[in-house]
Every structure is written in structure tokens, then in C-alpha cells.
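Notes for the structure review
If you want the building blocks of each chain, they are given just below.
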Amino acid sequence: MFDQIDPRSPTPLYAQIASRVRVAVAAGTLRPGDALPSVRQLAARLRVNPATVVQAYRDLETEGFVELRQGAGTFVREVRAERRAGERAHQAATLVRRMVAEAGRLGVSIDELHAAIADEIGAKSP
Amino acid sequence: MTNAVEIRGLHYRAGKSFEIRNLDLTVPRGSIYGFLGPNGSGKTTTIRLILGLLRARAGMIQVLGEPMPLRAPSVLARVGFVPEQPHLDPTLTVRETIRFREAFYPTWDGDWAGRLLQAFDLDPHHPFGKLSKGQQGKVMMLLALAQRPDLLVLDEPTDGLDPVVRRDMLSALIDYVSQHSASVFISSHLVHELERMCDWIGVMDNGRLVSEMPMQQFKNGIKRLLVSDAPADAASAPFAVLARDRNGATTETWLVRGWESPMRAWFDGRGASLQSIVDLDLEDGFVELLRTFRAPREQEVR
């Protein structure tokens with residue numbers, strides 16, 4: 001889940017970590033009551049500053065995705081279906097914004113982009 | 001709260017060719033401070049000054065709130081050091097090396113040393129001198145961590161080691177830091193490793209500290225701008241122009257510092273247009289910083 005964090009990206013690492021958790025909650029990979037790795041575990045695994053993980057978890061708590069139980073750890077909260085759908089829509093919008101920008105740089109038109117998406121989806125689910 | 005390391009007005013000279021002039025450096029307590037600079041820029045010299053291994057001509061060094069080198073014995077008891085080159089007896093086994101070191105540190109954590117020995121997959125009966133470079137690096141890290149220091153000073157601890165060894169060593173370091181909230185001062189050429197874990201960055205070049213600031217500020221502030229019909233005079237710009245290069249009949253690439261997005265309005269008011277803004281990662285930022293620092297026409301780098 002955290003394997004693709006990129007220290008070279010302009011998006012700060014804490015935001016990348018928080019985003020991975022939000023995506024996993026929205027997709028249902030993380031279920032209510034599931035425990036997140038401890039700050040110590042995750043920081044050591046990703047070789048990032050422990051403060052970075054603390055900030056990611058704190059942001060997720062403020063947004064209502066997780067709760068910090070004193071001495072026990074960080075757990076995923078019950079997130080309503082609409083909220084999860086909203087998060088997926090947000091991820092989709094981000095994905096498309098990035099794709100459209102990149103297409104612009106490569107000189108690919110919107111029609112060509114549409115055609116390529118239709119092709120790809122057709123190929124994936126006949 | 002005092003700083004982990006504080007250097008003010010430091011002057012040091014070795015021979016005629018190399019000197020450190022008027023060095024100010026601050027490592028906030030609890031931070032992981034990445035110390036960057038090209039070979040020969042004075043990183044190792046600065047580290048040796050911090051540890052009291054060299055004498056400065058002038059200036060003040062405080063480590064963990066105590067003056068160096070005056071209070072070296074009590075300070076060094078709380079500092080873990082991983083030097084660039086191992087300086088251990090090659091004939092002692094790993095076990096003997098650990099026992100020898102343990103005797104000097106009342107804070108020594110024998111249980112943890114044992115766990116690290118396993119985690120690092122080290123054979124305790126092997127002589128240190130016969131270990132691979134990566135295994136030697138792991139022993140050095142083990143020794144520095146098991147003494148439970150308040151400050152770790154690491155001089156290129158993972159440079160030249162393979163990725164698996166580097167991961168193991170840095171994971172152990174981070175694991176230690178998250179338990180003991182120790183401060184870390186680490187120099188390395190492996191910029192992407194520093195980019196992951198450091199929250200402060202200092203850059204040395206030619207015996208001077210070129211830049212020192214929080215990592216996020218360092219990364220956010222420096223941008224590469226593609227500008228068409230660029231104005232000749234940028235003196236009134238709300239950001240600092242570090243360098244500008246012409247790369248076409250009407251376009252220029254600007255390297256700027258202190259950039260914030262509303263500043264694009266400055267170009268609109270001058271008949272210029274901003275084509276794109278490129279974020280720089282730490283390595284690009286570092287390279288560009290040195291390039292502009294060394295260019296004689298630029299003064300506005302600090």
C-alpha cells in the first residue's frame with residue numbers, strides 16, 4: 001500500500017502517505033477497525049522521518065478516516081459509503097487532470113485521448 | 001530548548017589551501033539534518049570539529065548544550081559516530097568488537113545490540129577485518145545505536161554500499177530515532193535517501209555553508225520557470241532570480257528562489273508570459289544551488 005511513495009515528488013511525503021490510506025479506505029482494502037502500522041514500524045519501513053508519519057496520521061484523524069487510541073494504535077474508522085465514493089471521485093479527477101496535462105505536453109488531442117481510453121477499456125473487459 | 005549542534009563564527013584552517021570561514025550552523029534538537037556538499041567542500045572537517053577531533057582557530061561549537069572541545073568526554077558519551085572509514089581493530093571478532101565498545105558506555109543496550117546482530121545477519125565470530133564492506137557498515141551502525149546516543153553523527157554511512165544493506169541500516173536508524181527522539185546529523189552523496197528522511201538541509205561548498213533551511217522550504221522555494229518575452233530587468237521581482245539562460249529566440253529558463261504561485265502576476269504586468277513552472281527535487285535543487293553559488297555574477301544566494 002505504501003510502496004509507491006516518491007520522495008522526489010513535489011507532493012510532501014506526509015500527504016502521499018495520507019493519500020494512500022484514504023485510497024485504501026475508499027477502495028475497501030482497509031476495513032473499519034483495521035489497524036494501521038505503528039509510527040515506528042512505518043517510518044522504519046519507508047525510511048522516512050517519524051514526524052512525517054505522525055503528521056499523516058494526524059491529518060487522517062482530523063478528516064475522520066482514522067482514530068488514534070491512546071497506547072493502542074491507529075485504527076480505521078467507519079466511513080460512510082458516500083464519503084468513500086466521494087474519495088474515489090476525487091482520485092479519478094486527480095488522475096484525469098494529470099493525464100490531460102500530460103497529453104497536452106505530448107500534443108495528444110482530447111478526441112485521441114477518448115479513443116485510447118475506449119480502446120484500453122475494451123481491451124481490458126471484452 | 002537548546003539545539004543538538006550549534007556552531008557560530010567558526011574559523012578553521014588546514015594548510016594554505018583549505019579553510020572554513022565564518023561558519024554558522026544549527027541542528028535543531030530532534031531533527032534529522034542532512035548535510036550535503038561536493039567532495040572536498042568541508043563536510044568531514046566540520047564533522048571532525050563537531051566531535052572535537054580538530055581544533056578551530058576561532059568561534060564557538062556547542063553540542064547537546066555543552067561547549068566543544070572543552071566538554072568532549074561528557075558530550076561524546078552521548079554521541080554516536082559512524083565515520084566514513086571504519087577505524088576498528090580488524091583482528092577482533094564482531095563479538096569482541098561489541099564487548100570492547102560496550103565497556104566505554106554506561107548507557108549501552110546489550111539486548112538491542114543482540115537484536116541488531118540478528119536483524120543485520122552478522123556472524124559474531126567473524127573477524128571485523130574479514131567482513132564485507134556492507135557488513136562492516138552494519139557493525140559501525142550497530143555500535144553507534146547500541147550506545148543509545150542523544151545525537152548521531154553519520155559521515156556518509158551508506159555511500160558505496162549495496163541497496164539492501166543501505167535499507168537495513170537506515171531502517172534501524174529510523175527505528176532508533178522514533179523510540180528515543182534522538183537528533184541525527186548525516187552527510188551523504190545519496191541525495192534521495194536524505195530526501196526521504198531529513199527535515200533539515202545544510203549545503204556546504206568550498207568551506208562555506210551555502211544554505212540551511214527546513215527540507216520542505218528548500219524543495220518548495222526553488223523552481224525552474226519557462227518564460228517567454230522575458231523582461232530584461234528582474235530587479236523588481238518579488239522572488240530571487242538565481243540564474244537565467246536563453247533557450248530560444250523568445251524564451252528563457254529562469255531559476256528562482258522564494259517562489260509562490262501568486263507571483264505569476266508579476267510576469268503578466270511586464271508583457272511576458274510564464275509558460276511553465278517545474279518543481280525541482282532535492283538533487284536538482286542542490287545542483288542548481290551550487291551552480292549559481294559558484295557563478296561569479298551572482299551574489300544573491302543566501
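Quick summary incoming for the structure in this document. Only a predicted model underlies this, so the values are computations on that prediction, with no experimental measurement involved.

**A short note on the overall build of chain B**
When helices and strands are counted, chain B shows 10 helices and 14 strands. Along the longest, intermediate and shortest principal axes, the C-alpha atoms of chain B span 70 × 40 × 35 Å. Relative to its 302 residues, chain B shows a buried fraction of 41%. For chain B, contacts bridging at least 24 residues in sequence account for 71% of all contacts bridging at least 6.

**Side note on the nonpolar core**
Residue and element names in this part refer to chain B. In terms of nonpolar packing, the biggest core is built from 93 residues, with Ile50, Val63, Met141, Leu151, Val153, Val184 and Phe185 touching the most fellow members. The residues contacting Val63, other than those within four sequence positions of it, are Val5, Ile50, Met68, Val75, Val79 and Leu151. Counting 9 residues, the second-largest nonpolar core is a separate cluster that includes Leu225, Ala230, Leu242 and Trp259.

**Topic: the sheet that holds strand S10 (residues 208-214) of chain B**
Residues and elements named next belong to chain B. The mixed open sheet is built from 6 strands, whose spatial order is S6-S7-S8-S3-S9-S10. At either margin of the open sheet sits one strand with a lone partner, and together these are strand S6 (79-82) and S10. On average, adjacent strands in this sheet sit at an angle of 15° to one another, irrespective of strand direction. Bridging between S6 and strand S7 (residues 151-155) involves 4 bridges; their strand directions are parallel. Bridge pairing in S7 places Gly80 opposite Leu152.

**Looking at unusual backbone geometry**
Residue Pro69(B) follows Met68(B) across a cis peptide bond; omega there is 0°. With respect to the element layout, Pro69(B) can be found in the loop between strand S5 (66-68) and helix H2 (72-76). The backbone of Arg47(A) shows a phi angle near 55°, a positive value even though the residue is not glycine. Along the polypeptide, Arg47(A) turns up in the loop between helix H2 (39-46) and helix H3 (50-62). Notably, Glu156(B) is not glycine yet its phi reads approximately 45°, a positive angle. Here Glu156(B) lies in the loop between S7 and helix H6 (163-180). Judged by local crowding, Glu156(B) falls into the buried class, with 20 C-beta atoms found within 10 Å.

**Quick word on H3(A)**
Given a rise of 1.5 Å per residue, 13 residues ought to cover 18 Å, and the 19 Å separating the end C-alpha atoms of H3(A) matches this to within 8%. Of the positions making up H3(A), those classed as buried are Pro50(A), Thr52(A), Val53(A), Ala56(A), Tyr57(A) and Leu60(A). With its buried residues spanning 160° around the axis, H3(A) presents them on a single face. Each element contacted by the buried residues of H3(A) is listed here: helix H1 (13-27), H2, strand S1 (66-69) and strand S2 (73-76) of chain A together with H6 of chain B. Where H3(A) ends, the next residue or the one after it, Gly64(A), has phi of about 85°, a positive value.

**Re the environment of Gln4(A)**
For Gln4(A), the location among the structural elements is in the segment before H1. Taking the C-alpha atoms as reference, Gln4(A) lies 9.0 Å from Gln16(A); in sequence the two are 12 residues apart.

**Points about the interface of chain B and chain A**
At the junction of the two partners, chain B supplies 18 residues and chain A supplies 14 residues. Sorting the residues of the side of chain B that touches chain A by element identifies H6, helix H7 (191-197) and helix H8 (215-221) of chain B as the ones contributing at least two each. Broken down by element, the side of chain B that touches chain A gets its largest block of residues, 8 residues, from H6(B). When its residues are assigned to classes, the side of chain B that touches chain A shows 5 nonpolar, 5 polar and 8 charged.

Basis of the calculations
- Residues numbered from 1 in each chain as written.
- Chains lettered and ligands numbered in written order.
- Predicted model: local features only at pLDDT ≥ 70, side-chain atom pairs only at ≥ 80, totals over all residues.
- Helix = DSSP H or I, 4+ residues; strand = E, 2+ residues; numbered from the N terminus.
- Buried ≥ 20, exposed ≤ 12 C-beta atoms within 10 Å, placed from the backbone.
- Contact = placed C-beta atoms within 7 Å.
- Core = buried A, V, L, I, M, F, W, Y, C linked by C-beta atoms within 7 Å.
- Pairing = 2+ DSSP bridges.
- Axes fitted to C-alpha atoms, helices over the stretch in contact; angles between N-to-C directions.
- Expected span 1.5 Å × (residues − 1).
- Arc of directions from axis to C-beta.
- Nonpolar A, V, L, I, M, F, W, Y, C, P; charged D, E, K, R; others polar.

Any link to function would need more than the numbers given here.
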